[in-house]
Every structure is written in C-alpha cells, then in structure tokens.
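# Structural features, examined
One letter stands for each residue in the lines below.
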Amino acid sequence: MAPIRPLLREAGLSEQQWRVLRVLEDEGAMETMSLSERALLHAPSVTRILKDLVERRLVDRLPVENDARRSLVSINQDGRALIQQTAMETRKILDLQAQAFGPERLQNLTRELQAFAIALQGESLPEGNE
C-alpha cells in the first residue's frame, strides 16, 4: 500500500475509506454489517467511514423496506468516478510492482495466499491446489 497512499491522500481518502468504496463498487449495495465483514473492518469504524462518505456524497444510504433501523449502502456516480480515477493510477503502480516481482512468482504467491485464506476458514482446497 505504501506507493498507493499518496494517490489516496490526493483523492482525500484513507485506506479504509478506499476499501469500503471498493467493496461497494465490486459487490453492490449491502447492509452495514455485511460491508464491515467484507471490508474487514470493525462495524463502528465502518459507521464512521460511511458518515463521512455520505457527507461527501460518494455513497448513498437508504432505509431497508419494512425496517427503518437497517439501511442499505451503495456507491453512487461520484463515488464510482473517484474510484475509476484513482484506480487507473493505482493499476499502473501495481503493474510495475508485478513486473518487478515477475508474473510467475506473482501468480504463485496469489495461489498460495488464496490457499492460506481457505485454510484459515477451515475449508478444504480444490484439487490440484494443495
């Protein structure tokens, strides 16, 4: 993340805000607890992050039908534009890092990290990935 932090600062985003926006962009509208789990952030932190992102008009929060205590959060056009603008620059940095590390080594590392994540969840690995 170190090379990407300056880009996030220019965009006025923290790493956690970036993560929340990326989850919403990738997975669509969801409730705060689901967002917290998917972004790997504590729920109170997500609540604070969302308050700021709503005030900055990067995300929308709508009450869940039939339960005013719950809400759905979604990224809006301004949030998408910010993600796209910042993602173009971060992609360049990540591509340079991948080239420096080597495509085959990166593929092996990615495979091992996926296997590690699955092992932590207590799931068995797909055949051929042990």
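Summary of the structure given here. All values reported here derive from a predicted model rather than from experimental measurement.

When helices and strands are counted, the protein shows six helices and three strands. What you see in the protein, going N to C, is helices and strands ordered as α-α-β-α-α-β-β-α-α. C-alpha extents for the protein along the principal axes are approximately 50 × 35 × 20 Å. Looking at the protein alone, contacts between residues at least 24 apart form 45% of all its contacts between residues at least 6 apart. Roughly 9,100 Å² of accessible area belongs to the protein as shown, and the carbon and sulfur atoms make up 52% of that amount. Of note, the protein has its 17 positive side-chain charges centred 6 Å away from the centre of its 20 negative side-chain charges.

This paragraph deals with the pairing of strand β3 (residues 67-75). As defined by bridge partners, strand β1 (residues 30-31) adjoins β3 across two bridges and the pair is classed as antiparallel. Directly across from M30, in β3, lies its bridge partner V73. Pairing analysis gives six bridges linking strand β2 (residues 59-64) to β3, with the strands arranged antiparallel. Note that in β3 the partner of V59 across the bridge is I75.

All right, on to helix α5 (residues 77-101) then. With 25 residues, α5 ought to run about 36 Å at 1.5 Å a step, and its terminal C-alpha atoms sit 35 Å apart, in line with that. Those residues of α5 hidden inside the fold are in contact with α1 (5-10), α2 (15-27) and β3. Sitting at the head of α5, N76 places a side-chain oxygen 3.1 Å from the backbone nitrogen of D78.

Among the structural elements, A81 can be located in helix α5. It is 22 Å that separates the C-alpha atoms of A81 and R48, two residues lying 33 residues apart in sequence.

Two elements in contact, helix α3 (residues 32-39) and helix α4 (residues 43-55), have axes whose closest approach is 9 Å; the angle formed by their N-to-C orientations is 110 degrees. Relative to α4, the element α3 lies roughly perpendicular. Within the contact between the two elements, α3 uses T32, M33, L35 and S36 and α4 uses A43, V46, T47 and L50. Residue classes in the contact of α3 with α4 are distributed as five nonpolar, three polar and no charged.

In this section: the pattern of salt bridges. In a structure, side chains of opposite charge can pair up when their charged atoms sit close to one another. The final tally for this structure, using the stated rule, is ten salt bridges. Here R38 makes a salt bridge to E27, at a shortest N to O gap of 2.5 Å. Of the two residues, R38 is situated in helix α3 and E27 in helix α2; the sequence distance between them amounts to eleven residues. What makes R38 partly exposed here is its relative accessible area of 44%. Relative accessible area serves as the criterion here: at 46%, E27 is assigned to the partly exposed category. For the salt bridge of R91 with D95, the shortest nitrogen-to-oxygen distance reads 3.2 Å.

Among the nonpolar cores identified, the biggest contains 23 residues, and L13, V20, L21, L24, L35 and L53 are the most heavily contacted of them. Secondary-structure elements contributing two or more residues to this core are α2, α3, α4, β3 and α5.

Criteria and thresholds
- Residues numbered from 1 in each chain as written.
- Predicted model: local features only at pLDDT ≥ 70, side-chain atom pairs only at ≥ 80, totals over all residues.
- Heavy atoms only, no water.
- Helix = DSSP H or I, 4+ residues; strand = E, 2+ residues; numbered from the N terminus.
- Contact = heavy atoms within 4.5 Å.
- Areas by Shrake-Rupley, 256 points an atom, 1.4 Å probe, with all protein chains shown as cover.
- Lys, Arg positive; Asp, Glu negative; His and termini not counted.
- Charge placed at Lys NZ, Arg CZ, Asp CG, Glu CD.
- Pairing = 2+ DSSP bridges.
- Expected span 1.5 Å × (residues − 1).
- Polar contact = N/O pair within 3.5 Å; in protein donor to acceptor, adjacent residues only side chain to side chain.
- Axes fitted to C-alpha atoms, helices over the stretch in contact; angles between N-to-C directions.
- Parallel < 35°, antiparallel > 145°, perpendicular 65-115°, else oblique.
- Nonpolar A, V, L, I, M, F, W, Y, C, P; charged D, E, K, R; others polar.
- Salt bridge = Lys/Arg side-chain N within 4 Å of Asp/Glu carboxyl O.
- Buried < 20%, exposed > 50% of the residue type's maximum accessible area, 1.4 Å probe, protein only.
- Core = buried A, V, L, I, M, F, W, Y, C linked by side-chain atoms within 4.5 Å.

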